[in-house]
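# Inside the fold
Chain residues, written in single-letter form:
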Amino acid sequence: MILIIVAVAAVVLLLTSRAMAGFYIDYLWHQNLGRTDVFWGVLDAKLFLFLGFAVLFVILIVLNLLIADRLAPASFATADTHPVVARFHEVFDHRMRIVRIVAATIFGLIVAVPAAGHWQEWLLFRNSVSFGKSDPQFSTDIGFYVFRLPFLNFLIDWLFLAVLLVLILTVAVYILNGGILVAPPMPKIRRATKAHFAVLLAVLALLRAGGYWLERYDLTTERRGYVQGATYSVVKAQLPAVLLLMLIALLVAALFLYSIRSGSWRIPLVSCALWIVIALFGGVVYPGVIQALVVNPSQKEKEAPYIDRNITATRDALGLNNVQTKSVTFSDLSAPAIQKDLAPLKDVRLLDPAVMLSRFGLDKGQVAGLAIKDLDVDRYNIDGRLQQTMVAARELDLANVGNTSWQGKHLIATHGCGVVAAPAGQVEDNNRPVYSELKVDKPELYFSPAITDFAIVDTSTSEKPCGTTVASYTGTGGVQLNSGFRKLAFALSFFDYNLFGSDSVTSNSRIQWIRAVDDRVSKLAPFLHFDTDPYPVVLDGKVLWVVDGFTTTDQYPYAQNADTSQLSPTSGLNHTFNYIRNSVKVTVDAYNGDVTFYDVSKNADPILKAWEGAFPNLFVDASQMPKGLPDHLRYPEDLFRVQTAAYARYQLAPSAFFERTNAWSVSQAPSVSPNQQSTLDNTTASTDAVNQQTADDTGSTSQRFTPYYTMFHPPGTDTTGTFSILRPFAPYSKNDKRPELRSFMLASSDPETYGQLTAYIVTNEPDGPAKVANNAESEAEISRQITLLDTNGSQVQFGDMQLVPIATGLLYIRPMYVLVNKQAEFRKVIVSYNSNAVIDDSIGGALSQLFPSFSGNVGDRPATSTTTPGGSTGSGGTSTTTPTTNPSTGGADQTPNELLQQAQNLFDAADAALQKTPPDYTTFGADQTKARALIAQAIQILQSGG
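When helices and strands are tallied, the protein chain shows 26 helices and 31 strands. The contacts in the protein chain between residues at least 6 apart in sequence include a share of 69% that link residues at least 24 apart. A total accessible area of about 41100 Å² is found for the protein chain, and carbon and sulfur atoms account for 57% of it.

Have a look at this one:
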């Protein structure tokens, strides 16, 4: 028995000590980042709610128990009571006060736990601000709905459940003290006991009346009608029913109080039964009947004013109020016109980040313990020109470290190494990206999105170097392990003895954990939602991870819920909301782990204002950003997906909204692989049967066009490109019968115009991207080239279909890749114009086919070069280019047979490279490229009569 007690005590002590250690190191983590204000702010809010609601419940229960004792019989007669009650008195008769105190405390703690989880609603309630706008139904400031209503709803619900639990406990106490005699055939209840119950039941009825009062405001986000909000049947039927139910609740409360005097519960109980019937009929049946018999036959006329409210609210809530609209008509192109406007062609992206990730990983990230996990698009000055740039960080990959011991995983392999870049519009003559290393002072990346475990730095064990430079950690990231107590706390919390016992860990060592960028920012600001695609920016010799932060709510009156069906399951916006702002940009220092939250809202986001009231030192004004950082900010793709999905419908005027006259849909997505005509994906269309509008918005279940970043040149201008994100629209139609290009929207990422949404309405409606892609694949020469490349274990895959306004016309340009064992290589580019499509090695070559007199060399392979992008878009980068002899072409005096024999030899060499262990993909791709060039040269000689 003693051993069992000791074992239980040891387990309890271990669990308690781990919890205390976890609390302590959590504080140290926040202290290291200078964010103890967040630590204590969140903790204070939770403790206030927990203790406040616990005390409130204890007061309620103690007050009612005292009343029950006062109203109990003077003496307890065991003869007429239930045996269980009698036995309870035998055991606890002299300890009843202790039993009640313990029971009240336990129940108080239990019911207070859920309250602590509502700390965000409480902080918003306490720091609420005005939106400066009122809802059209109740003329109440929207701030009431967003900041006050959620907490008030919780408070009323909690009080109702608390009083109900008090009533149940009070009944139990009366049974135990004789106020209720549990004896056959029916329990006997004293008049004083009934009076006590009547008061509690009246309080429950009053609380329910308060709930009905608040429910009126909740109806402004109802989903009963054609659009979200309080529509005709809600305003004319459900709202009056709720008011009636509120009056009935007040009447029932009065009747229960009256029963104290009359001594009869018959009338209050009958009233409760009628209340239930009226609640079912008035709250559910009657509004449904009005919707079916009155609204649906004349829905357009009945709901017209409410649709107008919905359009106004949705545009405002989703940030679609200030969309600039411009009309554009694309006319015929000519070679001279194109040659005068080559800038848009120079900014076409040949490298697709989704496809080329594996290529970057193989060429530049295949080092033991390192990996390229993501490929992002940014812009840097290269060769004196602002260009789209593919940027990738070599992140720590603990799954592939060479040394898998404890020291190897936590003391040696502690960081990633450097950032790789390549211009998005250039490839080498071997079809590979033009790689370069972005220059940073400290290439070690101790914090990055893919890191999942802790590291200890500045130990007596040398860390794995980046390249040949061995340097110990000199930063401030992580908590210093300068005492045995701290080491013990971390060892207990991580349940890892090595943290305490390792001789390699000195008093100067620092432990770094929560190193994943997403987790780091979410822990510091759990009330925000974050984009799940952080991207690295090299600035002044540092690597900063940039993350977009969003404020959202689903309480904006009359606004339609955002369509999130086109987001990935892991998106930070994959939840229900009808209001959103990208009000925060966050940077995480890859070396020190410092986190900075920049307020970029320009005081236009009341939700962020409320959070700034709760945490006044957390956010920094955007004007305090480091010089050059605004040049690298990007408009978030997920936000743009949500806004374009909404704008397709909400660009309509109220008079055209119901019939969908001139409505749009996001354009159908071209297939990513050959012979897949507009693939279907059932996850891309909403299936919410209640929300009639959202269910019909997409028109079908076809995949929708994926937005892409581009250096966009506005039609009819000669201005430099602006870094923007683009998405096209097609005319709305069921089953995607209308694939034309109706419009395309851009969101600017340039500092001067950041966030500006522009919709270009195409008046002559040329073919849309999906139809253009399908037509291109049906061209004989393109089909033949695809067939040649899509064989022998290789696979053809397409990149983004890019819309390129140039001169007065429109080109569609799409890169094509070949994948061998999932490793991608740029191979061809398809250019489409009107009903024609051609394929070539370069954009210039393709244009020469479409326009025979065109003589530009746009997109031709450069000689092997080493290009160093500038540190920011504001400073020019340096580049050096070293010409080399092109080994992929034969001599001028060689015959076609000799050229073909050389090509055959290269194909044989490529096959041999593929048979190696491991396969030499680099040689394989280079030899195949050279062989195809020789074949093309032989064909050219034969066609010229040689």
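In this section: the state of the cysteines. Here a disulfide denotes one covalent bond, and it connects the sulfur atoms of two cysteines. Summed over the entire model, instances satisfying the criterion amount to 1 disulfide. There is a disulfide in this structure between Cys417 and Cys466, and the S-S distance comes to 2.1 Å. Its S-S torsion of about -85° marks the bond between Cys417 and Cys466 as left-handed, since a negative value means left-handed. One end of the pair, Cys417, is in strand β7 (residues 416-417); the other, Cys466, is in the loop between β11 (455-457) and β12 (479-480), with 49 residues separating them in the sequence. Both residues of the pair, Cys417 and Cys466, count as buried.

To continue, consider the side chain of Thr644. Topologically, Thr644 is positioned in helix α19 (residues 637-650). For Thr644, a relative accessible area of 0% translates into the label buried. Once you skip the residues sitting within four places of it in the chain, Thr644 turns out to touch Val666, Arg727, Phe729 and Met745.

This brings us to helix α23 (residues 780-789). Three or more residues of α23 are buried, namely Ile782, Gln785, Ile786 and Leu789. Along the axis of α23, the buried residues cluster in a sector spanning 100°; they form a single face. Facing away from the buried side of α23 by more than 90 degrees, the exposed set consists of Ala780 and Leu788.

The next subject is the packing of helix α7 (residues 191-218) against helix α8 (residues 232-262). One can describe the packing of α7 onto α8 by two numbers: an axis separation of 8 Å at closest approach and a directional angle of 165°. In terms of orientation, α7 lies roughly antiparallel with respect to α8. Note on packing geometry: the crossing formed by α7 with α8 is left-handed. Each residue belonging to the contact of α7 with α8 can be placed in one class, and the counts come to 22 nonpolar, 2 polar and 4 charged.

Burial runs high along strand β25 (residues 794-798): 4 of the 5 residues are buried. Bridging between β25 and strand β27 (residues 809-820) involves 5 bridges; their strand directions are antiparallel. From the neighbouring strand, Ser794 faces β27, where its bridge partner is Val820.

Within the structure shown, the criterion is met by 52 aromatic pairs. Summarising the aromatic geometry, the rings of Tyr635 and Tyr754 are spaced 6.0 Å apart at their centres and angled 50° between planes, so their arrangement reads as tilted. Within this pair, whereas Tyr635 is found in the loop between β19 (619-621) and α19, its partner Tyr754 is found in the loop between β23 (743-748) and β24 (757-762), the two being separated by 119 residues in sequence. Tyr635 sits in the buried class, given a relative accessible area of 5%. Residue class for Tyr754 comes out partly exposed when judged on its relative accessible area of 27%. Seen in terms of ring centroids, Phe744 and Tyr760 are 5.2 Å apart; in terms of plane orientation they differ by 15°. Their pairing is stacked. Residue Phe744 is found in strand β23, and its partner Tyr760 is found in strand β24; the two are separated by 16 residues along the sequence. Judged by relative accessible area, Phe744 falls into the buried class, the value being 1%.

Right, let's get into the sheet that holds strand β13 (residues 510-512). Pairing in this open sheet of 3 strands is antiparallel, and the strands run β11-β13-β12 from one edge to the other. Of all strands in the sheet, those bounded by a partner on one side alone are β11 and β12. Sheet analysis places β12 next to β13, joined by 2 bridges and oriented antiparallel. Across the sheet, the residue bridging to Gln480 is Arg510, located in β13.

Time to look at the pattern of salt bridges. The tally for this structure, following the rule as stated, stands at 24 salt bridges. Notably, a salt bridge pairs Asp397 with Lys373, separated by 3.8 Å at the nearest N-O pair. Remark: Lys373 occurs in the loop between β4 (370-372) and β5 (376-382) and Asp397 occurs in the loop between β6 (385-396) and α14 (406-412); sequence separation between them is 24 residues. On the basis of relative accessible area, Asp397 is assigned to the buried category, the value being 10%.

Let us look at the packing of helix α6 (residues 142-177) against α7. Relative orientation and spacing of two packed helices are given, respectively, by the angle between their axes and the distance between those axes. Relative to each other, α6 and α7 sit at 165°, their axes nearing to 10 Å. In terms of axis orientation, α6 runs roughly antiparallel to α7. Two packed elements cross with a definite hand, and for α6 against α7 that hand is left-handed.

Our focus in this paragraph is the side chain of Gln291. Assignment of secondary structure puts Gln291 in helix α9 (residues 266-295). Note on Gln291: relative accessible area 9%, which makes it buried.

At Phe495, a residue that is not glycine, the phi angle is positive and equals roughly 55°. Structurally, the position occupied by Phe495 is in the loop between α15 (484-494) and α16 (498-501). A positive phi angle, close to 60°, is found at Arg660, a residue other than glycine. With respect to the helices, strands and loops of the structure, Arg660 is situated in the loop between α20 (654-657) and β20 (664-666).

This paragraph deals with the pairing of β24. Among the 6 residues that make up β24, 5 are buried, leaving the element largely enclosed by the rest of the structure. Looking at chain direction, β23 and β24 are connected through 5 bridges and run antiparallel. Residue pairing across strands places Met745 opposite Ala759, the latter belonging to β24.

With that settled, the discussion passes to the environment of Ala648. Locating Ala648 in the fold gives a position in helix α19. Remark: the alpha-carbon pair of Ala648 and Tyr732, spanning 84 residues in sequence, is separated by 8.4 Å. Not counting residues within four places of it along the chain, the set of residues in contact with Ala648 comprises Ala663, Trp664, Ser665, Val666 and Phe729.

This next bit is on the environment of Lys302. Within the fold, Lys302 resides in helix α10 (residues 299-317). Once the C-alpha coordinates of Lys302 and Ser233 are considered, the two residues, 69 residues apart in sequence, prove to be 9.1 Å apart. Beyond its immediate sequence surroundings of up to four residues, Lys302 is in contact with Tyr232, Val294 and Val295.

Here we take up the confidence of the model for the protein chain. Residue-level pLDDT values for the protein chain average 86, and 88% of them are 70 or greater. Confidence drops under a pLDDT of 50 for residues 679-699, and excluding neighbours within four residues, the segment shows 53 contacts in the predicted structure. Under a pLDDT of 50 for its full length, residues 871-889 has, in the predicted model, 49 contacts with residues more than four places off or in other chains.

On to the environment of Phe658. Within the secondary structure layout, Phe658 lies in the loop between α20 and β20. Measuring from C-alpha to C-alpha, the distance between Phe658 and Glu301 comes to 9.7 Å, with 357 residues separating the pair along the chain. Excluding residues within four positions of it along the chain, Phe658 makes contact with Tyr226, Gln299, Lys300 and Ile307.

Conventions used here
- Residues numbered from 1 in each chain as written.
- Predicted model: local features only at pLDDT ≥ 70, side-chain atom pairs only at ≥ 80, totals over all residues.
- Heavy atoms only, no water.
- Helix = DSSP H or I, 4+ residues; strand = E, 2+ residues; numbered from the N terminus.
- Contact = heavy atoms within 4.5 Å.
- Areas by Shrake-Rupley, 256 points an atom, 1.4 Å probe, with all protein chains shown as cover.
- Disulfide = S-S within 2.5 Å.
- Buried < 20%, exposed > 50% of the residue type's maximum accessible area, 1.4 Å probe, protein only.
- Arc of directions from axis to C-beta.
- Axes fitted to C-alpha atoms, helices over the stretch in contact; angles between N-to-C directions.
- Parallel < 35°, antiparallel > 145°, perpendicular 65-115°, else oblique.
- Left-handed = near helix turned anticlockwise from the far one by under 90°.
- Nonpolar A, V, L, I, M, F, W, Y, C, P; charged D, E, K, R; others polar.
- Pairing = 2+ DSSP bridges.
- Phe/Tyr/Trp six-rings, centres within 6.5 Å; stacked < 30°, edge-to-face > 60°.
- Salt bridge = Lys/Arg side-chain N within 4 Å of Asp/Glu carboxyl O.
- pLDDT = per-residue confidence, 0-100.

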